[in-house]
Amino acid sequence: MPEVTVREMTSDEFEQWRGRAVRLFADSQVVAGSWPADEALEIAVKANEALLPDGFATTGMLFFRAVLPDGACVGASWLSLTHPRGVPDCAFIYNIEIDEPYRGAGFGRALLAAVEDAARSHGVGRVELNVFGTNSRAIQLYETSGYRVVAQQMRRSLS
Ligand SMILES: CC(C)(COP(=O)(O)OP(=O)(O)OC[C@H]1O[C@@H](n2cnc3c(N)ncnc32)[C@H](O)[C@@H]1OP(=O)(O)O)[C@@H](O)C(=O)NCCC(=O)NCCS
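What you see is a predicted model; the values in this text were computed from it and never measured.

Q: In this structure, what is going on with the environment of Leu112? I would like to understand it.
A: With respect to the helices and strands, the residue Leu112 is situated in helix α3 (residues 107–121). For the pair Leu112 and Ala66, spaced 46 residues apart in sequence, the C-alpha separation works out to 10.0 Å. Ignoring sequence-local partners within four residues, the contact set of Leu112 consists of Ile93, Ile96, Leu141, Tyr142, Ser145 and Tyr147.

What follows is the structure in structure tokens.
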């Protein structure tokens, strides 16, 4: 296993992480063709505020950092202990990301396992997440970690 420690974020770290995470989420929706580029950031900010009305202190939301022995942060994750659409006994991973230079070294797998452990330690029996169909690296990670598809959104071009 790679030498990485997963710990909860501090509130200062959360504020820095939040802005970046919202921008990346907006960008990913634009790349997926789901949101218009000129409105994406505003939509993402509103969605994030709705999910995190009390920011770092929002009930049931946990935020993690993956840290190397020298203290360098290599990634982060956001876990909700409840499901956004009410699936019973099911946590939801809103975000998991390893910083680009550190990808492919096993840190994502370690972070995912630690986030799952956190959900388990809060008495939750299942965990779910969304992933774009083009994100083959993440899909590979999830499939080899025991995740199975429960729903799919499909789209075709009509032009
Ligand atoms: C997805 C992500 C979190 C995975 O973290 P990572 O540290 O790169 O992944 P790991 O090194 O732990 O590898 C985990 C598994 O992913 C798969 N994988 C890793 N690199 C891969 C690559 N280049 N291509 C395909 N699959 C790959 C493998 O199955 C690997 O397991 P294995 O090494 O035991 O075979 C990371 O790549 C990332 O942050 N991507 C951008 C953000 C993102 O897409 N987040 C997920 C949103 S749903």
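Q: When you look at the site of the ligand in this model, what are you seeing that I'm missing?
A: Near the ligand lie 18 residues; those nearest to it are Ile98, Gly106, Gly108, Arg109 and Asn135. In this structure, an oxygen atom belonging to the ligand sits 2.9 Å away from a main-chain N or O atom of Gly104. Expressed as a share of its isolated accessible area of 920 Å², the protein-covered part of the ligand is 69%. At the level of elements, β4 (90–98), α3 and α4 (136–144) are the ones that each hand at least two residues to the shell around the ligand. If you tally residues by element for the shell around the ligand, the top one is α4, at 5 residues. Its residues placed into classes, the shell around the ligand shows 8 nonpolar, 6 polar and 4 charged.

Q: What exactly am I supposed to notice about the sheet that holds strand β5 (residues 126–129) here?
A: By way of backbone hydrogen bonds, the strands of a sheet pair with one another, either parallel or antiparallel. The sheet built from 5 strands is open, its strands ordered β1-β2-β3-β4-β5 with mixed pairing. With partners counted over all chains shown, the strands left at the sheet margins are β1 (5–8) and β5, one partner each. Looking at each pair of strands side by side, their axes are set apart by 30° on average, direction ignored. In the sheet, β4 pairs with β5 via 4 bridges, with the strands oriented parallel. Each bridged residue has a counterpart across the sheet, and for Cys90 the counterpart in β5 is Arg126. Most of the contacts of α3 go to β4, to which it runs at about 155°, and overall it touches β1, β2 (61–67), β3 (73–80), β4 and β5.

Q: Would you mind showing me how to read helix α2 (residues 40–51) here?
A: Turn by turn, an α-helix covers 3.6 residues, leaving residues three or four places apart pointing in a common direction. Compared with an ideal rise of 1.5 Å per residue, which puts 12 residues at 16 Å, α2 spans 17 Å between its outermost C-alpha atoms and is within 8% of the ideal. Within the span of α2, buried status applies to Ala40, Ala44 and Asn48. Buried residues of α2 fall within an arc of 60° about the axis and therefore sit on the same side. Residues Lys46 and Ala50 are exposed on α2 and point more than 90 degrees away from its buried face. Buried residues along α2 sit in contact with α1 (11–31) and β3.

Q: Which parts of the structure should I look at to understand the side chain of Arg18?
A: Note on placement: Arg18 falls in helix α1. There is no salt bridge for the buried Arg18, and the closest opposite charge comes from Glu15, which lies 4.8 Å off by N-O distance. Beyond its immediate stretch of four places on either side in the chain, Arg18 contacts Asn48, Glu49, Leu52 and Gly55.

Each value, and the rule that gives it
Along every chain, residues carry numbers that run from 1 in the direction the sequence is written. A pLDDT threshold of at least 70 governs which residues receive local features in this predicted model, and a stricter bar of 80 or more applies before side-chain atom pairs are shown or counted, although totals over entire chains, interfaces and linings include all residues. Only hydrogens and water are set aside; all other atoms, that is, all heavy atoms of the structure, feed into the side-chain values. The helix count covers DSSP runs of H or I at least four residues long, the strand count covers runs of E at least two residues long, and both are numbered beginning at the N terminus. The contact criterion used throughout is that any non-hydrogen atoms of two residues lie within 4.5 Å. If even one non-hydrogen atom of a residue comes within 4 Å of a molecule or strand, that residue is called near it. In protein, a polar contact requires one atom able to donate a hydrogen and another able to accept it; more generally it is a pair of N or O atoms within 3.5 Å, and residues adjacent in sequence count only if both atoms are side-chain atoms. Methods summary: accessible areas were calculated by the Shrake-Rupley approach with a probe of 1.4 Å, and residue burial reflects only the protein chains presented. Amino acid classes used here: Ala, Val, Leu, Ile, Met, Phe, Trp, Tyr, Cys and Pro are nonpolar; Asp, Glu, Lys and Arg are charged; the rest, including Gly, are polar. For two strands to be treated as a pair, DSSP must find no fewer than two bridges joining them. Axis lines are fitted to C-alpha atoms, over the contacting stretch for helices. Their N-to-C directions set the angle, which ranges from 0 to 180 degrees. By this rule, a helix spans an expected 1.5 Å times one less than how many residues it contains. Buried, partly exposed and exposed residues are distinguished by accessible area as a fraction of the type maximum, computed with a 1.4 Å probe on protein chains only: under 20%, between the cut-offs, and over 50%, respectively. Think of it as the arc spanned by the lines of direction from the helix axis to the C-beta atoms. Within this scheme the basic residues Lys and Arg register as positive and the acidic residues Asp and Glu register as negative, but His and the chain ends are omitted. The rule for a salt bridge is simple: a side-chain nitrogen of Lys or Arg has to be within 4 Å of a carboxyl oxygen of Asp or Glu.

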